[in-house]
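Here are the chains, one letter per residue:
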Amino acid sequence: SLQIRRGRAARPLTLPTVSATMLRQLAIFACLASASAFAPLGLAPAQGLARRPAACGLRMQATETAAPALTPELFTKLDRDGSGKIDVKELSEVLPRNDVKAFLARADLNGDGEIDYAEYERLMNMDKFNDAQGGNLYVRNAINLGLLKPDSVLADCVMVGNKGFDPLNCATSQEALNGYREAELKHGRLAMLAAAGWPVSELVQPYLSKILGQPDLLAAGEKAPSILNGGLDRINPVFFMGIIIFTATVESVALKAAKGPEWIPGDLGFDPLGLYTGKSEPVKRDLELKELNNGRLAMLAITAYALEEFLTKASVINDTPFLFKSVL
C-alpha cells in the first residue's frame, strides 16, 4: 500500500488491486473487439461468430488435434461417392447435426441441399477474405470502383471467372448471365483459333503457294485477308459455304442441348482427348477457368492484330518479328 498523507491523516490506496481490475476489463474488451473485427462484413458480430463453428468443425474432421484448412484435396475426400457434390450425409459424417445446418446455410448458395465445387471454392475464399461478395476480391473492388452494382447477380456468383466487370448492367438475371457466358465462350473459342491462324497464315501461305504452284491468297503486303486488309475476294466461296454449314451444325447442337440444373454454359460435350471428362472437380474447375481466360486474351489479341495491320500497313509477323520469326 502507498501512504498519502494530508497533515496527520493517512489513507492507504491499493493500486495493485485497481490495476488488476482494469487489466481484466481491458482484456475482456479486447476479446470482444477482436471477435467483432473478424466477423463477416455486413453481419452483426454475433452472426459472424455463429457461422464460424461450422467451418471450424469441418476442419477438425475426425480428430481433435488436426485442423487442416479448406483445400481442393479436402473436397475430394469429403465427396466420398464421387458425385462432384458434398451432400448432407457426407457432411454428417464429420460434423454435428447443428453444425451441418449452419454450414449449409453459409455454403449452399443455390439452396439445393448440396455443395458443389464452385460453392466450396466460394467458401474457401470466404475463409480467406471474409464473407462479403462471397470472398471474391475482384467483385468487391469492382463494386467499390463503380463497375458493378451492389445488387447485381454477379455480386455473389460462383460462375467461373467472375471478375465483377459489368458497368452496363447487362447481367440482369441468372438466365441472362448464362446466355452472355455462352456467347463469351463461343467468341473466345473462335478467337483462339483466329489468334493462332492469323500469323500462321502469313508465315506459311507464301511457302505453300510456291510448293503447290497456286496463287498467293494473302492480301497486299503479305497480310491475312480481312475486312480491313481486303483480299477476301480471293477466297473460294465454297470455303465460306463450308464454314457456314459447320458453324450452323455446331450451333444447332448447342440449341438442342438440355439446359437443366446441371447445365454448364458452353458445354457441348466435345472432349475427344479426354482432357476434361472423368477428372476431379478441382481439375475441371481449373480447366474451365483456363479456357475462359485464354479466350478473353485471344479476343484482345485478334483485335490487336487487325488494328495493328490496318494502322501500320504491314503484317503482324513483320511488325513483331521477335514473336513470330524468332524460331521459324
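Everything discussed here concerns the structure shown above.
The notes below deal with the structure included here.

What counts and what doesn't
- Residues numbered from 1 in each chain as written.
- Predicted model: local features only at pLDDT ≥ 70, side-chain atom pairs only at ≥ 80, totals over all residues.
- Heavy atoms only, no water.
- Axes fitted to C-alpha atoms, helices over the stretch in contact; angles between N-to-C directions.
- Helix = DSSP H or I, 4+ residues; strand = E, 2+ residues; numbered from the N terminus.
- Parallel < 35°, antiparallel > 145°, perpendicular 65-115°, else oblique.
- Left-handed = near helix turned anticlockwise from the far one by under 90°.
- Nonpolar A, V, L, I, M, F, W, Y, C, P; charged D, E, K, R; others polar.
- Phe/Tyr/Trp six-rings, centres within 6.5 Å; stacked < 30°, edge-to-face > 60°.
- Buried < 20%, exposed > 50% of the residue type's maximum accessible area, 1.4 Å probe, protein only.
- Lys NZ or Arg CZ within 6 Å of the ring centre and 35° of its normal.
- Expected span 1.5 Å × (residues − 1).
- Polar contact = N/O pair within 3.5 Å; in protein donor to acceptor, adjacent residues only side chain to side chain.

Description of the packing of helix α8 (residues 174-212) against helix α10 (residues 281-312)
Packed helices, taken two at a time, are described by the angle their axes make and the gap between the axes.
1) Next: Between α8 and α10, the shortest axis-to-axis distance is 7 Å and the interhelical angle comes to 50 degrees. By the angle class used here, α8 and α10 are oblique. Here α8 and α10 pass one another in a crossing that is left-handed.
2) Next: Partitioning the contact of α8 with α10 into residue classes produces 14 nonpolar, 4 polar and 7 charged.

Quick word on the packing of aromatic side chains
1) Next: Enumeration over the complete set of coordinates arrives at 6 aromatic pairs.
2) Next: Plain terms: the ring middles of Trp198 and Tyr305 are 6.2 Å apart, the flat faces sit at 45 degrees to each other, and that makes the pair tilted. Note that Trp198 is positioned in helix α8 and Tyr305 in helix α10, a separation of 107 residues in sequence. We note that Trp198, like Tyr305, is buried.
3) Next: Grouped by ring-pair contacts, the aromatic residues Phe75, Tyr117 and Tyr120 constitute a single cluster.
4) Next: Lying across the ring of Tyr138, Lys163 places its NZ or CZ 5.0 Å from the centre.
5) Next: One residue, Lys313, lies across the ring of Phe310, its end atom 4.5 Å from the ring centre.

Some remarks on helix α9 (residues 237-256)
1) Next: Spanning 20 residues, α9 covers 29 Å between terminal C-alpha atoms, matching the ideal 28 Å at 1.5 Å per step.
2) Next: Residue Asn236 occupies the N-cap position of α9, its side-chain oxygen lying 2.9 Å from the main-chain nitrogen of Val238.

A short note on unusual backbone geometry
1) Next: Of note, Asn130 is a non-glycine position whose phi angle comes to about 70 degrees, a positive value.
2) Next: Looking at the secondary structure, you find Asn130 in the loop between α6 (117-129) and α7 (137-144).
3) Next: Look at Asn169: it is not a glycine, yet its phi comes out positive at around 55 degrees.
4) Next: With respect to the element layout, Asn169 can be found in the loop between α7 and α8.

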